[in-house]
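Geometric and topological summary
The lines below spell out each chain.
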Amino acid sequence: MINTAGGKAAGGTSPSLLPPSRVRRAGTFLSLMGLLAGVLYLMGWWYQFQGFAFHRFAPFLLGGFTVHHFLPGRWRHGFFTLLSLASIPLIFGLVQGSWLLALGLLVIGICHLPITFRWRVLLLLVLGAVFASQRIGSLGQAWSPAIWPIFGSLFSIRLLIYLYDLKHARQPFKALDSLSYFFMIPNVVFPLFPAVDYQTWTRSQAKEKDRDLTALSGLQWMARGVFQLVLYRLVYQHLPIDTTQVLDLGSLLRYLIWPFMLYLNVSGQFHFVIGVVRLFGYALPETHHLFYLASSFTDFWRRINIYWKDFMMKVFYYPSYFKLRRFGNTWALVLGTVWVFVATWFFHAWLWFWIRGEFLLATHDIMFWVVLCVLVAINVVLESRQTPSQRLAAQKGGLAYNLGLAARTTGVFLTICVLWSMWVTESLTEWLSLFAVGTRLLPGNGLLVALLLGGILLHFLTALAYAGHKPRPLRFVPETLRIGAMLLALLIIGHPRVYRELPEPVSSVIHQVKSPVMNQRDKNRRQRDYYEKLNDVGWDNPDLNQIFKQKPADWKSLKFSHLSLSQDDLPFLLLNPDTEERHKGVMVSVNHYGMRDRAVELAPAPGVQRVLMLGASHLYGSGVEQEQDFESLLEDSLNHTGQGPVELLNCAVEGYSPLDVLFRLRKFDLRFEPSAAIYVGHIVDGKHSVDRLADLVSRSRPLEDPWLVDLVARAGARPGSEENACIRALRPFERELLDWIYARLREECESRGITLRAVYLPLLTEHDLNMGHQDIIASMNGAGLVVWDLNEVYAAFTPEDLWVAPWDDHPGARGHALVAADLYSRFIADSTLTRRD
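Owing to the predicted nature of the structure, the values given are computational and were not obtained by experimental measurement.

1. Quick notes on the overall build of the chain
- For the chain, the count of helices and strands is 37 helices and 11 strands.
- Relative to the 2.2 N^0.38 estimate, which gives 28 Å for 837 residues, the radius of gyration of the chain is 31 Å and therefore close to what a compact globule would have.
- Overall size of the chain, expressed as C-alpha extent along the three principal axes, is 95 × 70 × 60 Å.
- Counting every position in the chain, which comprises 837 residues, the buried fraction comes to 55%.
- Summarising the internal contacts of the chain: among those between residues at least 6 apart in sequence, 74% fall at separations of at least 24.

2. Focus on the nonpolar core
- Counting residues in hydrophobic clusters, the biggest one holds 150 residues, and the most contacted among them are Val39, Phe183, Phe260, Phe272 and Trp420.
- Among the elements that take part in this core, helix H10 (residues 211-238) stands out by supplying 12 residues, more than any other.
- The next biggest cluster of nonpolar side chains, apart from the first, holds 93 residues, and it includes Leu659, Leu708, Ala729 and Met771.

3. Section: a nonpolar patch on the surface
- A cluster of nonpolar side chains, Leu113, Ile115, Trp119, Leu122, Leu123, Leu125, Val126, Val130 and Leu139, forms an exposed patch at the surface whose accessible area comes to about 770 Å².
- Positionally, Val130 belongs in helix H5 (residues 117-135).
- For Val130, a relative accessible area of 34% translates into the label partly exposed.

4. Focus: the packing of helix H29 (residues 658-667) against helix H33 (residues 734-750)
- Where H29 contacts H33, the axes come no closer than 10 Å and their chain directions differ by 20°. Between H29 and H33, the angle falls in the class roughly parallel. When the axes of H29 and H33 are compared, the crossing they make is left-handed. Contacts between H29 and H33 involve Pro658, Leu659, Val661, Leu662, Leu665 and Arg666 from the former and Leu738, Trp740, Ile741, Arg744, Leu745, Glu748 and Cys749 from the latter.

5. Some words on the pairing of strand S8 (residues 755-760)
- The element S8 is largely enclosed, with a buried count of six among its six residues.
- In the sheet, S8 pairs with strand S9 (residues 786-789) via four bridges, with the strands oriented parallel. In the sheet register, Arg757 faces S9, and the bridge partner there is Val786.
- Tracing the backbone out of S8, into helix H34 (residues 773-782) and back to the parallel element S9 gives a crossover that is right-handed.

6. Examining the side chain of Asp177
- One can find Asp177 in helix H8 (residues 175-182).
- Among buried charged residues, Asp177 stands out as having no salt bridge; its nearest opposite-charge side chain is Lys174, 5.2 Å away.
- Within polar-contact distance, the side chain of Asp177 engages the side chain of His77 at 2.8 Å.
- Apart from residues no more than four positions distant in its own chain, Asp177 is found in contact with His77, Tyr198, Trp201 and Thr202.

7. Brief notes about the sheet that holds S8
- Spatially, S6-S5-S7-S8-S9 is the arrangement adopted by the five strands of the open sheet, whose pairing is parallel. Across the chains shown, the open sheet's two edge strands, defined by having one partner strand only, are strand S6 (646-650) and S9. Strand-to-strand twist in this sheet, taken as the mean axis angle between neighbours without regard to direction, amounts to 25°.
- Looking at chain direction, strand S7 (residues 676-681) and S8 are connected through six bridges and run parallel. Bridge pairing in S8 places Tyr679 opposite Ala758.
- Along the sheet, helix H36 (residues 813-829) contacts strand S5 (609-614), S7, S8 and S9; its crossing angle with S9, the most-contacted strand, is approximately 145°.

8. A closer look at the environment of Leu442
- In this structure, Leu442 sits in the loop between helix H19 (428-433) and helix H20 (446-466).
- Accessibility expressed as a relative area gives 33% for Leu442, which makes it partly exposed.
- Along the chain, Leu442 and Gly250 lie 192 residues apart, while their C-alpha atoms are 8.0 Å from each other.
- When near neighbours in sequence (up to four residues on either side) are disregarded, Leu442 contacts Leu247 and Asp248.

9. Observations concerning the packing of aromatic side chains
- Under the defined criterion, the tally for this structure stands at 71 aromatic pairs.
- For the pair Tyr162 and Phe182, a centre-to-centre distance of 4.8 Å together with 65° between the ring planes defines the contact as edge-to-face. Taken together, the residues Tyr162 in helix H7 (residues 158-167) and Phe182 in helix H8 connect sequence positions 20 residues apart. In this structure, Tyr162 and Phe182 share a single accessibility class: buried.
- Both rings, one in Tyr292 and one in Phe413, keep their centres 5.9 Å apart while their planes meet at 85°; by these two values the pair is edge-to-face. In this pair, Tyr292 sits in the loop between helix H12 (264-279) and helix H13 (297-303) while Phe413 sits in helix H18 (residues 399-424), placing the two residues 121 residues apart along the sequence.
- Classification of Phe413 by relative accessible area gives buried; the value is 10%.
- In this arrangement the basic side chain of Arg596 is found over the ring face of Tyr620, its NZ or CZ atom lying 5.4 Å from the centre.
- Here the guanidinium or amino end of Arg692 rests over the ring plane of Phe572, the centre of that ring lying 4.0 Å away.

What counts, and where the lines are drawn
- Residues numbered from 1 in each chain as written.
- Predicted model: local features only at pLDDT ≥ 70, side-chain atom pairs only at ≥ 80, totals over all residues.
- Heavy atoms only, no water.
- Helix = DSSP H or I, 4+ residues; strand = E, 2+ residues; numbered from the N terminus.
- Rg over C-alpha atoms; globule rule 2.2 N^0.38 Å.
- Buried < 20%, exposed > 50% of the residue type's maximum accessible area, 1.4 Å probe, protein only.
- Contact = heavy atoms within 4.5 Å.
- Core = buried A, V, L, I, M, F, W, Y, C linked by side-chain atoms within 4.5 Å.
- Patch = residues over 30% accessible without salt bridge, like charges linked within 9 Å, V, L, I, M, F, W, Y side chains within 5 Å.
- Areas by Shrake-Rupley, 256 points an atom, 1.4 Å probe, with all protein chains shown as cover.
- Salt bridge = Lys/Arg side-chain N within 4 Å of Asp/Glu carboxyl O.
- Axes fitted to C-alpha atoms, helices over the stretch in contact; angles between N-to-C directions.
- Parallel < 35°, antiparallel > 145°, perpendicular 65-115°, else oblique.
- Left-handed = near helix turned anticlockwise from the far one by under 90°.
- Pairing = 2+ DSSP bridges.
- Right-handed = clockwise from strand over helix to strand, strands pointing away.
- Lys, Arg positive; Asp, Glu negative; His and termini not counted.
- Polar contact = N/O pair within 3.5 Å; in protein donor to acceptor, adjacent residues only side chain to side chain.
- Phe/Tyr/Trp six-rings, centres within 6.5 Å; stacked < 30°, edge-to-face > 60°.
- Lys NZ or Arg CZ within 6 Å of the ring centre and 35° of its normal.

Shown next, in the form of structure tokens:
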């Protein structure tokens, strides 16, 4: 019997089998392991952050922590270093991981060559130029390009800090410190990593008596990171809108607020990674501290990305400030601050280069840092002139002072929100044009304005509650219970059996929070904002994408493959005849007439009923073998059940809008002498039509139909103006444009005796659009089309069950089979289509 109370066993006479200290150690270890397993499960599997690389990393971390926990103190630092080094080949494989380690060791080795410091720096600059040329593909390399984003994350900033400390070193450098510093676990699966200071790192090993509390605080930060990432996913999926959707005051307020809220992604990841390091007994400081509650711009600079602030202060601010003091304190403060922001801009662009492969040089990016620099510099000067009485008032607090502090805090928050919205907008002109909506309020957006204003009031009250707040000391048992309760709550609320029982839209919101898919704005734009792009390192790096997400390197847009030919007018894309290439995980063959279909003749064989299938990526069969797409399945079913001979021609192309379909029909498809046509439309038909027309207008392309010319003139969309401005001008005419397209499709077919059917096929993810399902059906009916509404075709399955891949919400083979079965029943029930004259 184990005496867990630490005293005598029951009866008071038998000695305990284990000493109380060992029981406490076992209890502590099991508590830490339980929390670690929970937080890793939530991070990697339950909410699916960081992709498949994390699935390989999490068990490795769990095992590594177990061994590390029981090692003697003198071995732990060495073991952590080995664990960090081993994490590289674990993720990249032995060959590519060895290359990454070898390149890193080369860089570290040059730092310690027995030559003068100046020559070492010169050698590193030469090596950096070679590596940069390889990063952009100008020079060949024996290793995969996939390693560069991680190499850049490991060395682009930390090497500068390391060299600074090397130059000013007062103590000898140790190999274990250097290796663990550069290859620090878990950097290999988190390319976005804090700028850890080398001196801080070497001093961070906690004393033996503080080791458990340091590990617990690490778990506390990891859990906080997961919580922030869940909040980020909530914001990311539901708040962002594009500039083209800013049509009134409500949408303007929404656009101004959402970009800054997405910074939760960075804060959450930084909390998690530093929490992992603390787990191993390294008492590194926190990375962010309540940055949404900063009371001044200097306070904001101090609270957000604290590691970056420390890096800038150490390497740039203090050296420049002490040199500039001969011009007076105020000038030294201002010029030192300017120097810091110039360096901040450059090194953000430098980090961007290594992760994204291009140097960030954009006007709106420079403007963001200039404006923030001016605000911080003014604050720095004002703070330097504070009187002793003002400082005393700040220390004393009181209700009046706290009310003023909360008001300033909310003012700073709103200012940063506005500034951040400028940062993520593609151009300054476009951002300024958003304010033209003034105080106009569209019907239905009053509630949105009220909610946003309520959120601002909540921010003020939170700032008031936190005025004078002081952190409490960490205690093991209460904090363990608190973290465990938080993890359990996240686990329960994310369980399908729980949230599916909740009313809509709560159920859908929770479901989307758990899905690592792009929001509607990013799907539309196919690009992300600053930190979103930095975080998604696989966006334009197929090799790294394959490692992180097991996503095939050929999973890219059709227009970037050899299978397609770009057009300068409508349709915007054609399939390249007689080509074959692997695309999105399957082999795609294009026939002689530019269709993803079997070989056909220009005229149908006698007695064969020919049907054109018109549509976009779903009909095209994106990511599905050709014989498994619903067009092929439907054709086979009709011919094998006595409904033939029927020949379906797949005229769809990935990325088509209804406007592309119409003009392709006019220019190419009618020559195949069909007797019928089936158009497959979606909820995005109206939006995609506006986007395509805006693209043509912004590129000043001539419009091939007078009605389109008239519509553009009535909308006030000016040829040659920015695409988003054209979209905003055309958006109110979305329904009118779609009505016209559907009507022209019907007229083109009817004039040649072709029977036309329209299919409404739902998408597998929610879309926040101007036109809903019923609007599309009404538009089709209004154009005189006979509509087959397949809105419930996927109803028996969850979207994830039908996705072609976790990163692509097109239907897979199972989804296509469902669609084919539904179409078959409607086809054979249609007496016009089955009639044989």
